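Each chain is listed here by its residues.
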Amino acid sequence: MNKRTIIVSGGMLEEEFVLSILKSQDTEFIIGVDKGIEFLYKHKISPNYIVGDFDSVSEDIITYYTEETKVPIKRLHPVKDASDTEVALRLCLEMERKNIVILGATGTRIDHVWANVQTLKIGLDKGEEVCIMDAHNRIRLLNRGVSLHRKTAFGSYFSFFPLGGEVQDFSIQGAKYPLSHATLLPFDSLCVSNEFAEDEVKVTFSEGIVILMETRD
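In this report, the structure presented in the accompanying data block is examined. Keep in mind it's a predicted model, so treat the numbers as computed, not measured. (Residues numbered from 1 in each chain as written. Predicted model: local features only at pLDDT ≥ 70, side-chain atom pairs only at ≥ 80, totals over all residues. Heavy atoms only, no water.)

### What to know about the side chain of Ser171
Inspection of the secondary structure puts Ser171 in strand E10 (residues 167-173). By relative accessible area, Ser171 is classed as buried at 7%. At 2.8 Å, the side chain of Ser171 forms a polar contact with the backbone nitrogen of His181. Residues in contact with Ser171, not counting those within four places in the same chain, are Leu179, Ser180, His181, Lys202, Val203 and Thr204. (Helix = DSSP H or I, 4+ residues; strand = E, 2+ residues; numbered from the N terminus. Buried < 20%, exposed > 50% of the residue type's maximum accessible area, 1.4 Å probe, protein only. Polar contact = N/O pair within 3.5 Å; in protein donor to acceptor, adjacent residues only side chain to side chain. Contact = heavy atoms within 4.5 Å.)

Put into structure tokens, the structure is as follows:
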């Protein structure tokens with residue numbers, strides 16, 4: 001398995017969960033994004049790169065990284081056409097980073113959450129593994145079928161939603177609620193909150209992009 005690149009953004013960061021990922025031996029590169037920098041600073045975790053317009057970060061923290069460390073900083077203008085998280089993800093892909101996990105991409109600002117979900121399409125287009133994670137959710141985009149395994153699943157529940165249009169010939173095998181050759185339409189909730197019936201769930205479809213959300217209480 002490739003070592004992980006972690007983007008720490010400025011949304012919800014559950015301390016125990018986030019630290020378990022950042023301090024894991026599987027993590028080799030960390031990018032702090034805007035307010036996410038404060039979490040890294042508080043826990044004395046040095047990022048490999050910093051990105052943001054820093055409109056929500058203490059000036060003392062920015063001064064620390066600017067004057068007392070050699071961490072590269074990509075400072076953005078507050079008026080821009082992309083979110084700080086999107087810029088960080090594009091930077092990761094430019095550096096050919098693999099297996100990218102975005103933390104702090106969920107929380108109370110649903111507009112930011114949805115923007116971050118859509119941002120995953122950038123990684124999908126590049127053929128790289130990119131996901132959003134918090135203590136209760138793992139979110140990925142798929143443009144082809146996938147197998148989910150009970151033993152390695154992120155949570156007990158999984159949901160599928162079409163992104164950007166219809167998803168053709170969509171089937172689910174091995175789940176509590178199987179589905180055969182359906183057309184997933186935007187704006188419906190047909191595939192929300194499914195569960196494992198067998199140890200392996202197979203998902204196939206012929207056309208479209210699917211949001212996969214693996215969730216746990």
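Now that the structure has been shown, we can carry on.
### Side note on the sheet that holds strand E3 (residues 49-52)
One open sheet accounts for ten strands, arranged E4-E3-E2-E1-E5-E6-E7-E14-E9-E12; its pairing is mixed. The open sheet has two edge strands, strand E4 (73-75) and strand E12 (194-195), and neither has a second partner. Two strands pair when backbone bridges link them, and strand E2 (residues 27-33) and E3 are joined in this way by three bridges, in the parallel orientation. Across the sheet, residue Ile31 finds its bridge partner in E3, namely Tyr49. Relative to the sheet, helix H5 (residues 110-126) contacts strand E5 (100-103), strand E6 (130-133), strand E7 (137-142) and strand E14 (210-215), its axis offset from that of E7 by approximately 45°. (Pairing = 2+ DSSP bridges. Axes fitted to C-alpha atoms, helices over the stretch in contact; angles between N-to-C directions.)

### Overview of the sheet that holds strand E8 (residues 146-149)
Strands pair in a sheet through their backbones, by hydrogen bonds, and they do so in one of two ways: parallel or antiparallel. If you trace the four strands from one edge of the open sheet to the other, you get E8-E13-E10-E11, paired in antiparallel fashion. Bordering the open sheet on either side are E8 and strand E11 (179-184), each of which pairs with just one other strand. For this sheet the average axis-to-axis angle between neighbouring strands, irrespective of direction, equals 20°. Pairing of E10 with E11 involves three bridges; the strand directions are antiparallel.

### Some points on the nonpolar core
General note: in soluble globular proteins, nonpolar side chains tend to be found buried as a group. Counting 27 residues, the largest nonpolar core has Ile7, Ile31 and Val51 as the members making the most contacts within it. Looking at this core, the elements that each hand over two or more residues are E2, E3, helix H4 (84-94), E5, H5, E6 and E7. A total of six residues in this core trace back to one element, the largest contributor, which is H4. Residues Val8, Phe17, Ile21 and Phe54 belong to the second largest nonpolar core, which totals 26 residues. (Core = buried A, V, L, I, M, F, W, Y, C linked by side-chain atoms within 4.5 Å.)

### A word on the environment of Leu13
Mapped onto the secondary structure, Leu13 falls in the loop between strand E1 (4-8) and helix H1 (15-22). Residues Leu13 and Gly36, spaced 23 residues apart in sequence, show a C-alpha to C-alpha distance of 8.2 Å. Ignoring any residue separated from it by four or fewer positions in sequence, one finds Leu13 in contact with Val8, Val18, Gly36, Phe39, Leu103 and Gly104.

### Focus on H1
Within the sequence span of H1, burial applies to Phe17, Val18, Leu19, Ile21 and Leu22. Lining the buried residues of H1 we find E1, E2, helix H2 (36-42), E5 and E6.

### Points about the packing of H4 against H5
To describe two helices that pack against each other, one gives the angle between their axes and the distance between the axes. Between H4 and H5, whose axes approach to 10 Å, the crossing angle comes to 15°. With respect to each other, H4 and H5 are oriented roughly parallel. The interaxial crossing formed by H4 with H5 has right-handed handedness. Together, Thr85, Glu86, Leu89, Arg90 and Leu93 of H4 and Asn116, Thr119, Ile122, Gly123 and Lys126 of H5 make up the contact between the two elements. For the contact of H4 with H5, the class distribution of residues is three nonpolar, four polar and three charged. (Parallel < 35°, antiparallel > 145°, perpendicular 65-115°, else oblique. Left-handed = near helix turned anticlockwise from the far one by under 90°. Nonpolar A, V, L, I, M, F, W, Y, C, P; charged D, E, K, R; others polar.)

### Quick notes on the side chain of Glu86
The residue Glu86 is located in helix H4 in this model. When its relative accessible area of 18% is taken as the criterion, Glu86 is described as buried. For Glu86, the residues in contact, after removing those within four places along its chain, are Thr119 and Ile122.

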